[in-house]
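# Chain and residue survey
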Amino acid sequence: MPAHLLLDRDGPIATITLNRPDKLNALNEALLVELRDAVLSLDHEPSVRAVILTGAGDRAFAAGADIAAMLEMSPVQARLFSELGHVVCARLEQAHFPVIGAINGFALGGGCELALACDFLYASDKAKLGQPEVNLGVMPGFGGTQRLARRIGIARARELCFTGDAVGAEEAMRIGLVNAVVRHEELGHHARQVARKIASKGPLAVAQCKRAMLRGEDVPLAVACEVERQAFASLFGSADQREGMKAFLEKRAASFEGR
Ligand code: COA
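Let me sum up the structure you'll find in this document. Remember, predicted model here, so these are calculated numbers, not experimental data.

What follows deals with the pattern of salt bridges. Following the criterion strictly, the structure yields 15 salt bridges and no others. With a closest N to O distance of 2.7 Å, Glu 83 and Arg 79 form a salt bridge. With a gap of four residues between them, Glu 83 and Arg 79 both fall in helix 3 (residues 75-94), about one helical turn apart. Note on Glu 83: relative accessible area 34%, which makes it partly exposed. Residue Arg 79 is classed as exposed on the basis of its relative accessible area of 56%. Among the charged side chains, a salt-bridge network with shared partners connects Arg 183, Glu 185 and Glu 186.

Written out as structure tokens, the structure reads:
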């Protein structure tokens, strides 16, 4: 059993809760290792069709990498810590299921970077997001300098990384960092509703869609479009493709099996 995470499973939907509320869910090595392993283990289960990532307690998704743990790190240790953060983010990004970040409070530094590795985010009206590392004499180390720019554009990302300013939920929505702001009490419900909707769709199709959109971000458009063509073609001949199309023609709801 992980010591720093809560894992919940409701049919095809898994919820991972970062669980160090007394430290505002700050990300230390032990938590990151548990998160890495938890995501990998869920990725090995085809029956998982959507994952929600959130923070325990009422105040934070994660208030950053653990500053106390980082204080005495040597460059070599910092490099390894950064690599661990990158591995966790890559696992979230590359998993077969969509990951919805439910930002229930502070998502700062490494917390914001973890959020950026989610497919998309919903924020509670109490959320605050930002990259305040420059206040500590360091910089983002879990992918923030790259993923933030890809999500909100390079100029806004530079502004946030260079000033260390955090943005509230409404501003985060305005700049495209989160998809929607919901009342704090309703955040979990909202995320689960969307997760259930995704889980009701063709799982192979959702997984291929996620993969094509991720792969396409980093390659020229012509290559990205070829990635899409291959992914599209790969779905034909699956039981789900026949079921989805037959169900439409027979005017009934489709029942997908993920094969
Ligand atoms: N690393 C380690 N511990 C952290 C932490 C972090 N990133 N963020 C918060 N904590 C701990 C605090 O040290 C405190 O622990 P304590 O009760 O044992 O003293 C506890 O969490 C509560 O935080 P506190 O600062 O007392 O709450 P607050 O309401 O006054 O302020 C924040 C909330 C988020 C504004 C403030 O905690 C903060 O600025 N955190 C650091 C954010 C940051 O720089 N993140 C990037 C790290 S690279």
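Backbone geometry follows two general trends: most residues other than glycine have a negative phi, and most peptide bonds adopt the trans configuration. Residue Asn 25 is not a glycine yet carries a positive backbone phi of 60 degrees. Along the chain, the position of Asn 25 falls in the loop between strand 2 (13-18) and helix 1 (29-43). With a phi angle near 55 degrees, Lys 251 is a residue other than glycine that sits in the positive phi range. Assignment of secondary structure puts Lys 251 in the segment after helix 11 (239-249). Under the relative-accessibility criterion, Lys 251 is labelled exposed at 77%.

In this section: the pairing of strand 3 (residues 50-55). The buried fraction of strand 3 is high, at six of six residues. Side chains of strand 3 alternate between two faces, with Ala 50, Ile 52 and Thr 54 and Val 51, Leu 53 and Gly 55 buried alike. Bridge count for strand 2 against strand 3 is six bridges, and the pairing is parallel. Across the sheet, residue Ile 16 finds its bridge partner in strand 3, namely Leu 53. Read as a crossover between parallel neighbours, the route from strand 2 over helix 1 to strand 3 is right-handed. Relative to strand 5 (residues 99-103), strand 3 runs parallel, the two being bridged by three bridges. The partner of Val 51 across the bridge, within strand 5, is Val 99.

Another aspect to go through is the packing of helix 5 (residues 144-152) against helix 6 (residues 154-163). Two elements in contact, helix 5 and helix 6, have axes separated by 7 Å at closest approach and are oriented at 135 degrees. On the basis of their axis angle, the class for helix 5 and helix 6 is oblique. Relative to helix 6, the crossing made by helix 5 is right-handed. Contact with helix 5, carried on its side by Leu 148, Ala 149 and Ile 152, involves Ile 154, Arg 156, Ala 157, Leu 160 and Cys 161 of helix 6 and no other residues of that element. Here the residues of the contact of helix 5 with helix 6 sort into seven nonpolar, no polar and one charged.

Around the ligand sit 17 residues, and of these Lys 23, Arg 59, Ala 63, Ala 65 and Ile 67 come closest. For the ligand, an oxygen atom lies 2.5 Å from a polar atom in the side chain of Arg 59. Ile 67 is positioned with one of its backbone polar atoms (N or O) 2.9 Å from a nitrogen atom of the ligand. Notes on the ligand: free accessible area 860 Å², of which the protein chains cover 59%.

With that settled, consider the sheet that holds strand 4 (residues 60-62). Taken together, the four strands give an open sheet; going across it, the order is 4-6-8-9, and neighbouring strands pair in mixed fashion. Each of the sheet's edge strands pairs with one partner strand only, and the pair in question is strand 4 and strand 9 (166-168). Neighbouring strand axes in the sheet, compared pairwise and without regard to direction, differ in orientation by 20 degrees on average. Relative to strand 8 (residues 128-130), strand 6 (residues 106-108) runs parallel, the two being bridged by three bridges. Residue Phe 106 lies in a different strand from strand 8, and its bridge partner there is Lys 128.

Here the focus is the nonpolar core. Core analysis: the biggest nonpolar cluster contains 51 residues, and Leu 18, Leu 53, Leu 114 and Leu 129 have the highest contact counts within it. Considering every element that reaches this core, the biggest residue donor is helix 1, with six residues. Residues contacting Leu 114, with those up to four places away along its chain left out, are Leu 18, Leu 27, Leu 35, Leu 53, Phe 61, Val 88, Cys 89 and Leu 92. With 16 residues, the next largest nonpolar core counts Ala 50, Phe 120, Ala 180 and Ile 198 among its residues.

Conventions and cut-offs
- Residues numbered from 1 in each chain as written.
- Predicted model: local features only at pLDDT ≥ 70, side-chain atom pairs only at ≥ 80, totals over all residues.
- Heavy atoms only, no water.
- Salt bridge = Lys/Arg side-chain N within 4 Å of Asp/Glu carboxyl O.
- Helix = DSSP H or I, 4+ residues; strand = E, 2+ residues; numbered from the N terminus.
- Buried < 20%, exposed > 50% of the residue type's maximum accessible area, 1.4 Å probe, protein only.
- Pairing = 2+ DSSP bridges.
- Right-handed = clockwise from strand over helix to strand, strands pointing away.
- Axes fitted to C-alpha atoms, helices over the stretch in contact; angles between N-to-C directions.
- Parallel < 35°, antiparallel > 145°, perpendicular 65-115°, else oblique.
- Left-handed = near helix turned anticlockwise from the far one by under 90°.
- Contact = heavy atoms within 4.5 Å.
- Nonpolar A, V, L, I, M, F, W, Y, C, P; charged D, E, K, R; others polar.
- Near = heavy atom within 4 Å.
- Polar contact = N/O pair within 3.5 Å; in protein donor to acceptor, adjacent residues only side chain to side chain.
- Areas by Shrake-Rupley, 256 points an atom, 1.4 Å probe, with all protein chains shown as cover.
- Core = buried A, V, L, I, M, F, W, Y, C linked by side-chain atoms within 4.5 Å.

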